[in-house]
Amino acid sequence: MRKVILLFLLLGGCGYTTHFVSSSLGEGKIYVKPVANEVRITSEDRAYSDYNVYPVLLEKDLTNAIIDELQIRTSLKVVSSPDGAYTLECKIVNYKKEALRYTDIDEVNEQRLRLYVKVIVYDAEKNLIKEKEVVGEASYFFSGRLASSESEALNELIEDTAKRVVDILFQDW
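Everything quoted here is computed from the prediction, not taken from an experiment.

What counts and what doesn't
- Residues numbered from 1 in each chain as written.
- Predicted model: local features only at pLDDT ≥ 70, side-chain atom pairs only at ≥ 80, totals over all residues.
- Heavy atoms only, no water.
- Phe/Tyr/Trp six-rings, centres within 6.5 Å; stacked < 30°, edge-to-face > 60°.
- Buried < 20%, exposed > 50% of the residue type's maximum accessible area, 1.4 Å probe, protein only.
- Helix = DSSP H or I, 4+ residues; strand = E, 2+ residues; numbered from the N terminus.
- Pairing = 2+ DSSP bridges.
- Expected span 1.5 Å × (residues − 1).
- Contact = heavy atoms within 4.5 Å.
- Salt bridge = Lys/Arg side-chain N within 4 Å of Asp/Glu carboxyl O.
- Core = buried A, V, L, I, M, F, W, Y, C linked by side-chain atoms within 4.5 Å.
- pLDDT = per-residue confidence, 0-100.

**A look at the packing of aromatic side chains**
Next, step 1: Considering all chains together, one arrives at one aromatic pair under this definition.
Next, step 2: Pairing Y140 with F142 gives two aromatic rings, centres 5.3 Å apart and planes at 55°, and the pair type is tilted.

Printed below as a string of structure tokens:
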């Protein structure tokens, strides 16, 4: 009996796949539109704060990370033209830095970066399939054995956000 169950589990697998499920997008081609920046840098909460500085070329790096994730995790072919392909459109709507921990002398010791992205997916006929907002996160310490730089955390943030964007394509809503 144990051998039958073991054989069933080995042959059946766990049901998880890194390819699109047929009820989601299916297989084919996908066009990744360059990520747009819709962050209002001159908004009041940013205008008077040095803490919320917007990283340079964030949208370019995110576009490249999304394409990399699609090529690694899906069976879709990334194409350079939207003709006859799904279209993935992403818009950065906010970027935030948040202090998480302070030292005894009230200096920031741990910080979290968050990237808010609106994801829109169209089919080959340009009909809206999905629209959702995702939030990528990364945190880092300024000192101690877990210390890292803000640029390393920014790279983690971009990778995390790209994974979450691709995960949207797997979800059936």
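**Remarks on the pairing of strand β5 (residues 108-122)**
Next, step 1: The buried fraction of β5 is high, at eleven of 15 residues.
Next, step 2: Two strands pair when backbone bridges link them, and strand β4 (residues 86-102) and β5 are joined in this way by 14 bridges, in the antiparallel orientation. Looking across to β5, one finds that C90 is bridged to V119.
Next, step 3: Between β4 and β5, which pair antiparallel one after the other, the connecting turn spans five residues, and D106 there sits at a positive phi close to 60°.
Next, step 4: As paired elements, β5 and strand β6 (residues 128-141) share 13 bridges and run antiparallel to each other.

**Let's talk about helix α4 (residues 150-170)**
Next, step 1: Under the 1.5 Å per step criterion, the end-to-end length of α4 is 31 Å for 21 residues, consistent within 8% with the ideal 30 Å.
Next, step 2: Within the sequence span of α4, burial applies to A153, L154, L157, I158, D160, T161, A162, V165, V166, I168, L169 and F170.
Next, step 3: On its buried face, α4 is in contact with β1 (29-32), α3 (58-73), β4, β5 and β6.

**Overview of the pattern of salt bridges**
Next, step 1: Applying the stated criterion across every chain yields a total of twelve salt bridges.
Next, step 2: A salt bridge links D160 to R164, with the shortest nitrogen-to-oxygen separation between them at 2.8 Å. Taken as a pair, D160 and R164 lie in helix α4 at a separation of four residues, close to a single helical turn.
Next, step 3: The exposure class of R164 is partly exposed, given its relative accessible area of 35%.

**Topic: the nonpolar core**
Next, step 1: Of all hydrophobic cores here, the largest spans 34 residues; its most connected members are L62, I66, L88, I92, V117 and V119.
Next, step 2: Within the residue set of this core, elements represented by two or more residues are β1, α3, β4, β5, β6 and α4.
Next, step 3: Beyond its immediate chain neighbours, meaning those up to four positions away, L62 contacts V35, I92, L115, V117, I158, T161 and A162.

**Let's talk about the pairing of β1**
Side-chain direction in a regular strand flips from residue to residue, so the side chains alternate between the two faces of the sheet.
Next, step 1: As paired elements, β1 and strand β3 (residues 77-79) share three bridges and run parallel to each other. Bridge pairing in β3 links K29 to K77.
Next, step 2: Bridge analysis of β1 against β4 gives three bridges, and the strand direction is parallel. What sits directly across from Y31, in β4, is T87.

**Concerning the confidence of the model for the protein**
Next, step 1: Across the protein, pLDDT averages 80, with 76% of residues at or above 70.
Next, step 2: The low-confidence segment residues 4-11 (pLDDT under 50) makes one contact with residues lying over four places distant or belonging to another chain.
Next, step 3: Note on residues 13-24: pLDDT is under 50 here. Beyond four places in sequence and across chains, it has 25 contacts.

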